[in-house]
Amino acid sequence: MNLGKKVIYQAYPRSFKDTSGNGIGDLEGIRQKADYFKKLGVDMVWINPFFVSPQNDNGYDIADYYHVDPLFGTDEELDKLIETFDEKGLGLMFDMVLNHTSTSHEWFQKALDGDEYYQDFYYIRDGKDGSYPNNWTSKFGGPAWNKFGDTDKYYLCLYDKTQADLNWHNKNVRKEVYKIVNYWIDKGIKGFRFDVLNVIGKSKDLKDSSGNIDEEKKLYTDTRIVHEWIEELNKNTFGKDEDIITVGEMSSTDVHNSALYSNPEGSELSMVFSFHHLKVDYKDGEKWTDASFDFKKLKGTLNYWQGEMQEHSGWNALFFNNHDQTRANTRFGDVDKYHYQTSTMLAQTIHLMRGTPFIYQGEEIGMTDPDYDSIGDYRDVESLNAYDALLAKGMSEDDALKIIKLKSRDNSRTPMQWNDSSNAGFSEETPWIRVNDNYKEINVKKALADKNSIFYYYKKLIEHRKEENLISDGLYFPILEDDENILAFVREYEGNVLVNFSNFTGKSLEVDLENMVDSYQEYEYLLGNYGRVEINKKINLRPYECLALIKRF
Ligand code: GLC
């Protein structure tokens, strides 16, 4: 399979399309939009977890891996979805959360009831010196431990306190995990996204960290045993079928490990999600701060990952948006003045790189962050914890809200904007989270009616990837590396060359083609968000312009 030819769409079920009238999107909503995905031209749709769950972390706290949560529909509706997608030639990618289960999961409940077999499924430890077993912190704030029932013990929870980390050292845990994945393979599922997979390898001794968060993460991230367990998972499950696509969500990973995770022998996964390119608006490494984004860091990180993964035969999942990130057009562009240009420029930058692009719902119509004015509009557990923590530090409510507004994961979780009717055509009932006020201007109906919309730009990008081996298989080389405003690169394949420029500013900038490529006269226009341009020695890049030129051998 050529992963470079694939494009994957991410549907966040909660916010995609509600057909049952409970204000929450559902599986039937995704099924009904099968033709929409076909029209866009994607190969596969990744659906975030819809399994039985108390929904403390919107489904990433799974209580039963085999059944659909009634919020999202029924098992029969899931079968129908699988069948429809199969008929239409669309793949499905399921989200496997295997680092932790919900504390409502039967295994955890049995452990609480004193069953030792299941107690060994988790990291349950005695406290130390009247406090927690170690000094680790949760990724959602506070200590990484919570009281185990009414005992003196604690269980490890690196995320929410209702998400208990599974003890992968226990062979029986790994067997259960294989059973889950194989169950869905047998149902015909051809794609798996593995949630935070590189933190499954905690060392058994769970020793204290120095207190430095980066050092602390190293104690449980990308450890050697993670590779062994992924290989084992591969051998026992998806490795049997070459048509299955897998992607590991790798938290705070590095290029070296990521190349191994996605090695060409195929002994681990097809590709990885890494996040360093999105940590470019953090002040001193801290997410919950008000900092503008550092373009050079963004560009340097993307170039570094492109170059190193190519060098070491790894494979990147390409993305700017997902359900955990604020909308990239709002974050890195100017959606007020250059909505179309910003949205398409960001898309082109990613889609012409080496890897497999992912499109997050709404991105293809240029959905933006909402303009919420009250903390009451927010739903996400991480954001609400962060808000409390900021207030506890003495910050005013207004300042804390400003930061939540910039960084909240809810920015991308607002309901999909289908049309200009009430609730943006997402639901007939009040949605679980407030619709973005701009749905009358930005919606699917409007985008489909206009041949020059962002939607059709994405469609063209996908078509080019399918047609041009340069894009799917070409080598990647950065150019203009020191430029403070433009991200530019070259792709090369069998003597053909593609060059792409992305202007990340609202200013017009000039580039000198002659200095950058050989025989610039031989280049032709391929694609740009200002339409066709004449190719001269000097090219003027307008605000947020992207431009791809191609030279055929
Ligand atoms: C991943 C998911 C995120 C979730 C976390 C814990 O990062 O993308 O939404 O909160 O894992 O499962």
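Our subject is the structure that appears above.
Residues numbered from 1 in each chain as written. Predicted model: local features only at pLDDT ≥ 70, side-chain atom pairs only at ≥ 80, totals over all residues. Heavy atoms only, no water.

*Asks:* Would you mind showing me how to read the overall build of the chain here?
*Replies:* If you tally the helices and strands in the chain, you get 18 helices and 22 strands. Reported as C-alpha extents along the three principal axes, the dimensions of the chain are approximately 75 × 55 × 50 Å. Taken over 553 residues, the chain has a buried fraction of 61%. Here the analysis covers contacts within the chain between residues at least 6 apart in sequence; of these, 70% occur between residues at least 24 apart. Accessible surface, the chain: about 21700 Å² in total, of which carbon and sulfur atoms supply 44%. Here the chain holds 66 positive side-chain charges and 94 negative ones, and the gap between their average locations is 2 Å. (Helix = DSSP H or I, 4+ residues; strand = E, 2+ residues; numbered from the N terminus. Buried < 20%, exposed > 50% of the residue type's maximum accessible area, 1.4 Å probe, protein only. Contact = heavy atoms within 4.5 Å. Areas by Shrake-Rupley, 256 points an atom, 1.4 Å probe, with all protein chains shown as cover. Lys, Arg positive; Asp, Glu negative; His and termini not counted. Charge placed at Lys NZ, Arg CZ, Asp CG, Glu CD.)

*Asks:* Can you walk me through the layout of surface pockets in this structure?
*Replies:* Vacant regions in the atomic arrangement are exposed by a probe of water-molecule size rolled over the atoms. Of the pockets and cavities examined, the largest pocket occupies roughly 1600 Å³. Around the largest pocket sit 50 residues that line it, and K139, K217, S252, K279 and Y282 are the ones nearest its centre. Listed by contribution, the elements that provide at least two residues to the lining of the largest pocket are helix 7 (213–218), helix 10 (295–311) and helix 13 (381–392). Partitioned by chemical class, the residues of the lining of the largest pocket number 13 nonpolar, 17 polar and 20 charged. Of the voids in this model, the second largest pocket is the one considered here, and its volume is about 510 Å³. Lining the second largest pocket we find 22 residues, and of these L3, P264, G266, L269 and S270 sit closest to its centre. Of the residues that constitute the lining of the second largest pocket, the class distribution is 7 nonpolar, 11 polar and 4 charged. (1 Å grid on protein atoms, 1.4 Å probe; cavity = no way out; pocket = protein on both sides within 12 Å on 5 of 7 lines; lining within 4 Å. Points joined across faces, edges and corners; volume = space filled by probe spheres on them. Nonpolar A, V, L, I, M, F, W, Y, C, P; charged D, E, K, R; others polar.)

*Asks:* In this structure, what is going on with the packing of aromatic side chains? I would like to understand it.
*Replies:* The geometry of two aromatic rings is summed up by the distance between their centres and the angle between their planes. Evaluation of the coordinates by the stated rule reveals 42 aromatic pairs. Their ring planes at 85 degrees and their centres at 4.9 Å tell us that Y117 and Y118 sit as a pair that is edge-to-face. The class of Y118 is buried, set by a relative accessible area of 14%. Among the aromatic residues, those joined into a ring-pair cluster are Y9, F16, Y36, F37, F85, W418, F455 and Y456. Taking NZ or CZ as reference, K33 lies 4.0 Å from the ring centre of W418, over its face. Here K147 stacks its cationic end above the ring of Y154, 6.0 Å away from the centre of that ring. (Phe/Tyr/Trp six-rings, centres within 6.5 Å; stacked < 30°, edge-to-face > 60°. Lys NZ or Arg CZ within 6 Å of the ring centre and 35° of its normal.)

*Asks:* Just checking my understanding: could you explain the sheet that holds strand 8 (residues 145–147) for this structure?
*Replies:* One key point about sheets: their strands pair by backbone hydrogen bonds, in either a parallel or an antiparallel sense. The 3 strands lie next to each other as 7-9-8, forming an open sheet whose pairing is antiparallel. Both outer strands of the open sheet, strand 7 (124–126) and strand 8, are each paired with one neighbouring strand and no more. Strand after strand, the sheet turns through a mean of 40 degrees between neighbouring axes, direction not considered. (Pairing = 2+ DSSP bridges. Axes fitted to C-alpha atoms, helices over the stretch in contact; angles between N-to-C directions.)

*Asks:* What am I meant to see in empty space enclosed by the protein here?
*Replies:* For the structure on display, the rule yields 4 cavities of 30 Å³ or more. Each pocket or cavity is described by its volume, and for the largest cavity that value is around 130 Å³. In terms of lining residues, the largest cavity is bounded by S274, H277, T301, L302, W305, Q306, N316, A317, L318, F319, I350 and M353. Elements represented by at least two residues in the lining of the largest cavity include exactly helix 10 and strand 14 (317–318). Among the elements that make up the lining of the largest cavity, the one with the highest residue count is helix 10 (4 residues).

*Asks:* How should the pattern of salt bridges be read in this particular structure?
*Replies:* Oppositely charged side chains can pair when the atoms bearing their charge come close. Applying the stated criterion across every chain yields a total of 33 salt bridges. Where D281 meets R331, a salt bridge forms, and the shortest distance between an N and an O atom there is 2.8 Å. Placement of D281 in the loop between strand 13 (271–273) and helix 10 and of R331 in helix 11 (residues 328–332) is noted, with a sequence separation of 50 residues between them. Owing to a relative accessible area of 5%, D281 belongs among the buried residues under this scheme. Residues participating in the shared-partner salt-bridge network are D57, K287, D324, D380, E382, R409 and R413. (Salt bridge = Lys/Arg side-chain N within 4 Å of Asp/Glu carboxyl O.)

*Asks:* Explanation requested: the environment of V499 in the structure shown.
*Replies:* Assignment of secondary structure puts V499 in strand 18 (residues 496–503). For the pair V499 and M44, spaced 455 residues apart in the sequence, the C-alpha separation amounts to 28 Å. In this structure, V499 is in contact with I479, F489, V490, Y523, L547, A548 and L549, ignoring residues within four places of it in sequence.

*Asks:* Where do I start with helix 16 (residues 454–467) in this structure?
*Replies:* Given 3.6 residues per helical turn, the α-helix brings residues three or four places apart onto the same face. Here helix 16 contains 14 residues, and its C-alpha end-to-end distance of 20 Å stays within 8% of the 20 Å for a straight helix at 1.5 Å per residue. The set of residues buried in helix 16 consists of I454, F455, Y456, Y457, Y458, L461, I462, H464 and R465. (Expected span 1.5 Å × (residues − 1).)

*Asks:* What am I meant to see in the sheet that holds strand 16 (residues 475–479) here?
*Replies:* With respect to topology, 5 strands assemble into an open sheet ordered 16-17-18-22-20, the strand pairing being antiparallel. Each edge of the open sheet is held by one strand with a lone partner, namely strand 16 and strand 20 (524–528). Between one strand axis and the next, the sheet turns through 20 degrees on average, direction left out of account. Looking at chain direction, strand 20 and strand 22 (residues 546–551) are connected through 4 bridges and run antiparallel. Looking across to strand 22, one finds that Y525 is bridged to L549. Across the face of the sheet, helix 10 comes into contact with strand 16 and strand 17 (486–493) while running at roughly 150 degrees to strand 16. Packed on one face of the sheet, helix 16 meets strand 20 and strand 22 and runs near 135 degrees to strand 20.

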